[in-house]
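Residues per chain, in single letters:
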Amino acid sequence: MREVTLPLIVDDRGALQVAAADVSKLLRTMGARWVHLVEAGDRELDEETVAALTIELAKLADRIDVACIAHSSGQS
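Note that this is a predicted model, so its numbers are computed, not measured.

Draft legend 1. Seen up close, the overall build of the protein chain. Along the protein chain, the regular secondary structure elements total two helices and two strands. Secondary structure of the protein chain in N-to-C order comes out as β-β-α-α. For the protein chain, with 76 residues in total, the buried portion stands at 20%. In the protein chain, the share of contacts with a sequence separation of at least 24, taken over all contacts with a separation of at least 6, comes to 40%.

Draft legend 2. Structural detail: a negative patch on the surface. Where like charges cluster on the molecular surface, the negative patch consists of Glu39, Asp46, Glu47 and Glu48. Inspection of the secondary structure assignment puts glutamate 47 in helix α2 (residues 47-72). Judged by relative accessible area, which is 58%, glutamate 47 ranks as exposed.

About the thresholds
- Residues numbered from 1 in each chain as written.
- Predicted model: local features only at pLDDT ≥ 70, side-chain atom pairs only at ≥ 80, totals over all residues.
- Heavy atoms only, no water.
- Helix = DSSP H or I, 4+ residues; strand = E, 2+ residues; numbered from the N terminus.
- Buried < 20%, exposed > 50% of the residue type's maximum accessible area, 1.4 Å probe, protein only.
- Contact = heavy atoms within 4.5 Å.
- Patch = residues over 30% accessible without salt bridge, like charges linked within 9 Å, V, L, I, M, F, W, Y side chains within 5 Å.
- Areas by Shrake-Rupley, 256 points an atom, 1.4 Å probe, with all protein chains shown as cover.
- Salt bridge = Lys/Arg side-chain N within 4 Å of Asp/Glu carboxyl O.
- Lys, Arg positive; Asp, Glu negative; His and termini not counted.
- Charge placed at Lys NZ, Arg CZ, Asp CG, Glu CD.

See below:
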């Protein structure tokens, strides 16, 4: 199995600046951290807002992952 990296941010020469896998991992990690803070009793975070934002971040990460899979299988 070969690894495929899709650039999300490239410079004017086309050089990769951010890998899609890194971005989707970051989005999921942010959501998980917010949930952890809420579960730990952080009173500055609204539980419903954190839940909604975490879901949206996961959806965005999923879309990035699906685009990578489609690209690696030749389905652009």
